[in-house]
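# Examining the three-dimensional arrangement
In case you want the letters, here they are:
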Amino acid sequence: MRNAESRVFAEWNRNIGVALEYLRVRTKLESINQRILISSIRDTLTGIYNRKGYNRFADAIFRKACDENKKLLIIMADLDRLKMIPTDISKVTTP
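In short, a report on the structure. (Residues numbered from 1 in each chain as written. Predicted model: local features only at pLDDT ≥ 70, side-chain atom pairs only at ≥ 80, totals over all residues. Heavy atoms only, no water.)

### Section: the packing of aromatic side chains
Under the defined criterion, the tally for this structure stands at two aromatic pairs. Seen from their ring centres, Phe9 and Trp12 are 6.0 Å apart, and the 35 degrees between their planes marks the pair as tilted. Pair noted here: Phe9 and Trp12 are both in helix H1 (residues 2–41), with a separation of three residues, about one helical turn. In this structure, Phe9 and Trp12 share a single accessibility class: exposed. Relative to Phe57, the ring of Tyr49 has its centre 5.5 Å away and its plane inclined at 25 degrees; by these criteria the two rings are stacked. Given a relative accessible area of 35%, Tyr49 falls into the partly exposed group. Taking the ring centre of Tyr49 as reference, the NZ or CZ of Arg42 above it sits at 4.1 Å. (Phe/Tyr/Trp six-rings, centres within 6.5 Å; stacked < 30°, edge-to-face > 60°. Helix = DSSP H or I, 4+ residues; strand = E, 2+ residues; numbered from the N terminus. Buried < 20%, exposed > 50% of the residue type's maximum accessible area, 1.4 Å probe, protein only. Lys NZ or Arg CZ within 6 Å of the ring centre and 35° of its normal.)

Now the structure itself:
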């Protein structure tokens, strides 16, 4: 009987180890997937939403405004020519 109990205990212990490893891997994968999602909707340099991120954000805001029967104002700016600002103006200098 003792031998059967130790086999059951060993199997139970192994199953717990497998379950814990599964949870560790799953948590790591969820973290990686979250980082991939963020990098797919935001510019990596500035953190500003890219086109895909804007579309997701705008869809959610539009739906919320419609659901709550509220007006929505959108202001957009085209910053394609931002590089034309001289770098000496855009840099902050300290004495």
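### Some details on unusual backbone geometry
Phi angles above zero are rare outside glycine, and Asn69 is one such case at about 55 degrees. The topology assignment puts Asn69 in the loop between helix H2 (51–67) and helix H3 (87–90). Exposure remark for Asn69: the relative accessible area of 71% places this residue in the exposed category.

### Let's talk about the packing of H1 against H2
Packing of H1 against H2 leaves a shortest axis separation of 6 Å and a crossing angle of 100 degrees. Between H1 and H2, the crossing angle belongs to the class labelled roughly perpendicular. Facing H1, whose interface residues are Leu37, Ser40 and Ile41, H2 presents Lys52, Gly53 and Arg56. Residues that form the contact of H1 with H2 fall into these classes: two nonpolar, two polar and two charged. (Axes fitted to C-alpha atoms, helices over the stretch in contact; angles between N-to-C directions. Parallel < 35°, antiparallel > 145°, perpendicular 65-115°, else oblique. Contact = heavy atoms within 4.5 Å. Nonpolar A, V, L, I, M, F, W, Y, C, P; charged D, E, K, R; others polar.)

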